Amino acid sequence: MYRDRIRNAGLYNRIVTADEAAQLIRDGMTVGMSGFTRAGEAKAVPLALAERARREPMKITLMTGASLGNDLDKTFAEAHLLSRRIPFQSDPGLRKAINAGEVMFVDQHLSETVEMLRTHQLPDVDIAIVEAVAITETGGIVPTTSVGNSASFAILAPKVIVEINLTQPLLLEGLHDIYIPTKRPHREPIPIVAPESRAGLPYIQIPPEKIAAIVITEKLDSSAKVTPPDDDTRAIAGHLIEFLKHEVKMGRMDSDLRPLQAGIGSVANAVLHGLIDSPFHDLKMYSEVLQDSTFDLFDAGKLVFASASSITLSAEKHDAVMSNIGAYKGRLLLRPQEISNHPEVVRRLGVICINTALEFDIYGNVNSTHVGGTHMMNGIGGSGDFARNGFLSIFVSKSTAKDGKISSVVPMVSHVDHTEHDVGILITEQGLADLRGLAPRERAALVIRNCAHPSYRDALEDYYARAVTRGGHTPHVIEEALSWHARLREHGTMMKG
Ligand code: COA
């Protein structure tokens, strides 16, 4: 009876159905659930809970690692189950409920959630639901394709529901490194000095008696939609590679570079993919999510090690990687997101951070989250954890969106996620602006010339010229600074008529 998966015989009597396990969750509870960028989320119990909420209305606060697969956030939104959602999501249905004000979304740096929980700055977790490959003899929970916040949820919650997923290969065991920072005020340095450093245990250790229910599932992770590289993303990758070559030539790093972090989304995936055709070698990643491009880089012999908090793959790549996971195992590590994104480690390792912007302004402030300044897209995710602390803080974006109706380079961003102080290099398909060591007036000229789309360049030049006549360290025509967004709202385009 699943002896290879549940190795502590004293836990056999905890096996229940998903419906029975969902009964442990009551109206008003705070639930901490596994799941990070659509990987390794608990699947059966959440669906049973949503089903129950349709019959008997209830509300919970839901904390996860990051976004959930299997349309769970959509299902929760449709069942009106969520009063509060922390710290990230990427589902169109939930996005709608958030933007309608129905769900209170707390958009957080991904490294911070469990630190705040630990010190009771967020509501205590009443129950944790964690997907696992297996439970060890000592009650250790072996996570699946993500670690996220699962370890701290399980440690801090008084009760834990474990979903044993039979479709997740047992070979995943050994892939995880669960390190939990020691308590303040005598906290020790995190003993990670390279992406391959191991600092913790290969499972989440909790007292087995806290495991209140075990549910057996066979539901797969949902696959990521991967948009193949296009001319624009290839051009962005080309500019990045030229820049990195220049940095090597200047002696700022060797041709194995520094550990790489790449954000979520099609642009970052395509840009990383571009490194296959670069002169760099023996690359390592210290990132939060590993997408298809990571395994393409492994297979091309470019990458030697990758550390992150989750593996999120397209359907095609999923089968290829999971059926051959043994071959990658010695070159991969999955960590709690608190550690994969930890400012201390990111700064120590000198990570090259590549994240995607929705828009940025002529001075280098970046908006990653709010469409038109008001409507939540996904959330800041780990981009702030990395951008502020990395060795190189790079933001990429296509220069326009929505068939050219939106310029991604604007006079002033309509929402700020990354201030100019955290942004070093901006890249669009048009070119690259290296902002390091530049004052705002120097930045503006470079950003407009190198990154803006030609159809918006003159308007930006004109704005900046008029702003300069008013003076200031960061010149603006303040009453006009958000006029591009206002025009978009009124006329459906930022382009002047
Ligand atoms: N205004 C409005 N919409 C914009 C826009 C802008 N300035 N720029 C892009 N968009 C739209 C695109 O048109 C596209 O819309 P669609 O889904 O309807 O086609 C969507 O935003 C995604 O843009 P795309 O160019 O395909 O980029 P992406 O898939 O790489 O996603 C982000 C870009 C910014 C949304 C995504 O990277 C993100 O959520 N980032 C924040 C979290 C993060 O950076 N985490 C990093 C650590 S993992």
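To keep things clear, this report deals only with the structure shown in the data block. Since this is a predicted model, take the numbers as computed values, not measurements.

## Quick word on unusual backbone geometry
Moving on, step 1. Across the junction of isoleucine 86 and proline 87, the peptide omega takes the value -5°, indicating a cis bond.
Moving on, step 2. Its location among the elements puts proline 87 in the loop between strand 3 (82-86) and helix 4 (92-99).
Moving on, step 3. A positive phi is found at threonine 37, a non-glycine position, where the angle reads about 45°.
Moving on, step 4. Relative to the helices and strands, threonine 37 is located in the loop between strand 1 (30-33) and helix 2 (44-55).

## Some details on the side chain of threonine 312
Moving on, step 1. Relative to the assigned elements, threonine 312 resides in the loop between strand 13 (310-311) and helix 10 (315-322).
Moving on, step 2. At 2.6 Å, the side chain of threonine 312 and the backbone oxygen of threonine 37 are in polar contact.
Moving on, step 3. Leaving out residues up to four positions away in the same chain, threonine 312 has contacts with Phe36, Thr37, Arg38, Ala39, Ala224, Val289, Leu290, Gln291 and Asp292.

## Describing the site of the ligand
Moving on, step 1. The ligand sits among 22 residues. The nearest are Glu288, Leu358, Asn378, Gly379 and Lys402.
Moving on, step 2. Isoleucine 264 has a polar backbone atom sitting 3.4 Å from an oxygen atom of the ligand.
Moving on, step 3. Contacts to the ligand include lysine 402, whose side-chain N or O atom sits 2.7 Å from an oxygen atom.
Moving on, step 4. For the ligand, the accessible surface in isolation is 960 Å², of which the surrounding protein chains cover 77%.
Moving on, step 5. Of all the secondary-structure elements, those providing two or more residues to the shell around the ligand are helix 8 (266-273) and strand 15 (352-356).

## What about the sheet that holds strand 23 (residues 409-410)?
Moving on, step 1. Taken in spatial order, the three strands make up an open sheet running 17-16-23, and their pairing is mixed. Strand pairing shows two members of the sheet lacking a second neighbour, strand 17 (366-367) and strand 23, which therefore form its edges.
Moving on, step 2. Strand direction decides the pairing type here: strand 16 (residues 359-361) and strand 17, joined by two bridges, are antiparallel. By the bridge assignment, phenylalanine 360 is partnered in strand 17 with valine 366.

## What to know about the environment of glutamate 102
Moving on, step 1. Relative to the assigned elements, glutamate 102 resides in the loop between helix 4 and strand 4 (104-105).
Moving on, step 2. By relative accessible area, which is 33% here, glutamate 102 ends up partly exposed.
Moving on, step 3. In this structure the C-alpha to C-alpha distance between glutamate 102 and proline 475, which are 373 residues apart in sequence, comes to 38 Å.
Moving on, step 4. Beyond its immediate stretch of four places on either side in the chain, glutamate 102 contacts Lys59, Ala77, His80, Leu82, Ser83 and Ala97.
Moving on, step 5. A distance of 2.7 Å separates polar atoms of two side chains, one belonging to glutamate 102 and the other to histidine 80.

## Details of the packing of aromatic side chains
Moving on, step 1. Scanning the entire structure with this criterion turns up four aromatic pairs.
Moving on, step 2. Between tyrosine 456 and tryptophan 484 the ring centres are 5.7 Å apart and the planes differ by 35°, which places this aromatic pair in the tilted class. Of the two residues, tyrosine 456 sits in helix 16 (residues 454-469) while tryptophan 484 sits in helix 17 (residues 483-491), which places them 28 residues apart along the sequence.
Moving on, step 3. Overall, tyrosine 456 belongs to the buried group, its relative accessible area being 2%.
Moving on, step 4. Classification of tryptophan 484 by relative accessible area gives buried; the value is 4%.
Moving on, step 5. Three or more aromatic residues link up through ring pairs in this structure, and these residues are Phe295, Phe298 and Tyr328.
Moving on, step 6. The side chain of arginine 258 reaches across the aromatic face of phenylalanine 391, ending 5.5 Å from its centre.
Moving on, step 7. A cation over an aromatic ring shows up here: arginine 331 above the ring of phenylalanine 298, its NZ or CZ 4.8 Å from the ring centre.

## Observations concerning the environment of alanine 97
Moving on, step 1. Inspection of the secondary structure assignment puts alanine 97 in helix 4.
Moving on, step 2. Each residue touching alanine 97, except ones within four places of it in the same chain, is listed here: Ala77, Glu102 and Val103.

## What to know about the pattern of salt bridges
Moving on, step 1. Within this structure, the stated rule accounts for 29 salt bridges.
Moving on, step 2. Here glutamate 115 and arginine 184 are joined by a salt bridge, their closest N and O atoms 3.3 Å apart. Taken together, the residues glutamate 115 in helix 5 (residues 113-118) and arginine 184 in the loop between strand 7 (159-165) and strand 8 (211-217) connect sequence positions 69 residues apart.
Moving on, step 3. Arginine 184 sits in the exposed class, given a relative accessible area of 52%.
Moving on, step 4. Residues lysine 245 and glutamate 242 are paired through a salt bridge, measuring 3.0 Å at the closest nitrogen-oxygen approach. With lysine 245 and glutamate 242 both in helix 7 (residues 231-249), this residue pair falls three residues apart, about one helical turn.
Moving on, step 5. When its relative accessible area of 33% is taken as the criterion, lysine 245 is described as partly exposed.
Moving on, step 6. Each of Glu115, Arg118, Arg184, Arg187 and Glu338 takes part in a single network of salt bridges with overlapping partners.

## A word on the nonpolar core
Moving on, step 1. Counting 71 residues, the largest nonpolar core has Ile141, Leu244, Leu275, Phe295, Leu332, Ile352 and Ile394 as its most contacted members.
Moving on, step 2. By residue number, the principal contributor to this core is strand 5 (residues 127-135), which donates six residues.
Moving on, step 3. Look past the residues within four positions of leucine 332 in its chain and what remains in contact with it is Leu175, Leu290, Phe295, Phe298, Phe305, Ala306, Ile311 and Ile325.
Moving on, step 4. Listed in part, the 34 residues of the second largest apolar core include Met29, Leu49, Leu68 and Ala79.

## Notes on the packing of helix 15 (residues 440-451) against helix 16
Moving on, step 1. Where helix 15 meets helix 16, the closest approach of the two axes is 9 Å, and the angle between their N-to-C directions is 165°. When the interaxial angle is binned, helix 15 and helix 16 end up roughly antiparallel. In this structure, helix 15 meets helix 16 at a crossing whose hand is left-handed. Taken together, the residues of helix 16 that come into contact with helix 15 (itself represented by Arg441, Ala444, Ile448 and Arg449) are Arg457, Leu460, Glu461, Tyr464 and Val468.
Moving on, step 2. Class assignment for the residues of the contact of helix 15 with helix 16 results in five nonpolar, no polar and four charged.

## Thoughts on the pairing of strand 2 (residues 60-63)
Remember that side chains alternate between the two faces of the sheet whenever the strand is regular.
Moving on, step 1. Both faces of strand 2 are covered, namely the face carrying Ile60 and Leu62 and the face carrying Thr61 and Met63.
Moving on, step 2. Of the pairings in the sheet, the one linking strand 1 to strand 2 comprises three bridges and is parallel in character. Along strand 2, the bridge assignment pairs glycine 32 with methionine 63.
Moving on, step 3. Between the parallel elements strand 1 and strand 2, the chain passes through helix 2 in a crossover that is right-handed.
Moving on, step 4. With helix 3 (residues 72-78) bridging strand 2 and its parallel neighbour strand 3, the resulting β-α-β unit is right-handed.

Criteria and cut-off values
Per chain, residues are indexed from 1 in the order of the written sequence. Reporting in this predicted model follows two pLDDT cut-offs: at least 70 for local features of residues, and 80 or more for side-chain atom pairs to be given and counted; totals over whole chains, interfaces and linings ignore these cut-offs and use all residues. Only hydrogens and water are set aside when side-chain values are computed; all heavy atoms of the structure are taken into account. To qualify as a helix, a DSSP run of H or I must reach at least 4 residues; to qualify as a strand, a run of E must reach at least 2; elements of each kind are numbered from the N terminus. N or O atoms closer than or at 3.5 Å make up a polar contact, with two conditions inside protein: a donor-capable atom paired with an acceptor-capable one, and, for residues adjacent in sequence, both atoms drawn from side chains. When checking whether two residues touch, look at their non-hydrogen atoms; a contact exists if any pair is within 4.5 Å. A single heavy atom is enough: if one lies within 4 Å of a molecule or strand, its residue is considered near that molecule or strand. Each accessible area value is a Shrake-Rupley result obtained with a 1.4 Å probe; residue values ignore everything except the protein chains displayed when judging cover. The pairing criterion for strands is at least two bridges between them, as found by DSSP. The buried label applies to any residue whose accessible area, calculated with a 1.4 Å probe on protein chains only, is under 20% of its type's maximum; exposed applies above 50%, and partly exposed to all values in between. Put simply, two rings from Phe, Tyr or Trp (the six-membered ring, in Trp's case) pair if the centres are within 6.5 Å, and we call them stacked under 30 degrees between planes, edge-to-face over 60, tilted for the rest. Two conditions define a charge located above a ring, namely a distance within 6 Å from the ring centre to NZ of Lys or CZ of Arg, and an angle within 35 degrees of the ring normal. Take a side-chain nitrogen of Lys or Arg and a carboxyl oxygen of Asp or Glu: if they are within 4 Å of each other, that pair is a salt bridge. As used in this record, nonpolar core signifies buried Ala, Val, Leu, Ile, Met, Phe, Trp, Tyr and Cys residues forming a set joined through side-chain atoms within 4.5 Å. To obtain each axis, a line is fitted to C-alpha atoms, and for helices this fit is confined to the stretch in contact; angles are then taken between N-to-C directions over 0 to 180 degrees. An angle below 35 degrees is read as roughly parallel, one above 145 as roughly antiparallel, one from 65 to 115 as roughly perpendicular, and any other as oblique. Definitions for this section: a left-handed crossing has its near helix turned counterclockwise from the far helix by less than a right angle. A right-handed crossing has that turn clockwise. Gly is placed with the polar residues, together with every amino acid not listed as nonpolar (Ala, Val, Leu, Ile, Met, Phe, Trp, Tyr, Cys and Pro) or charged (Asp, Glu, Lys and Arg). Here is how to tell: hold the view so the strands point away, follow the path from the first strand over the helix to the second, and if it runs clockwise the crossover is right-handed.

Purely geometric stuff here, so don't read any function into it on its own.
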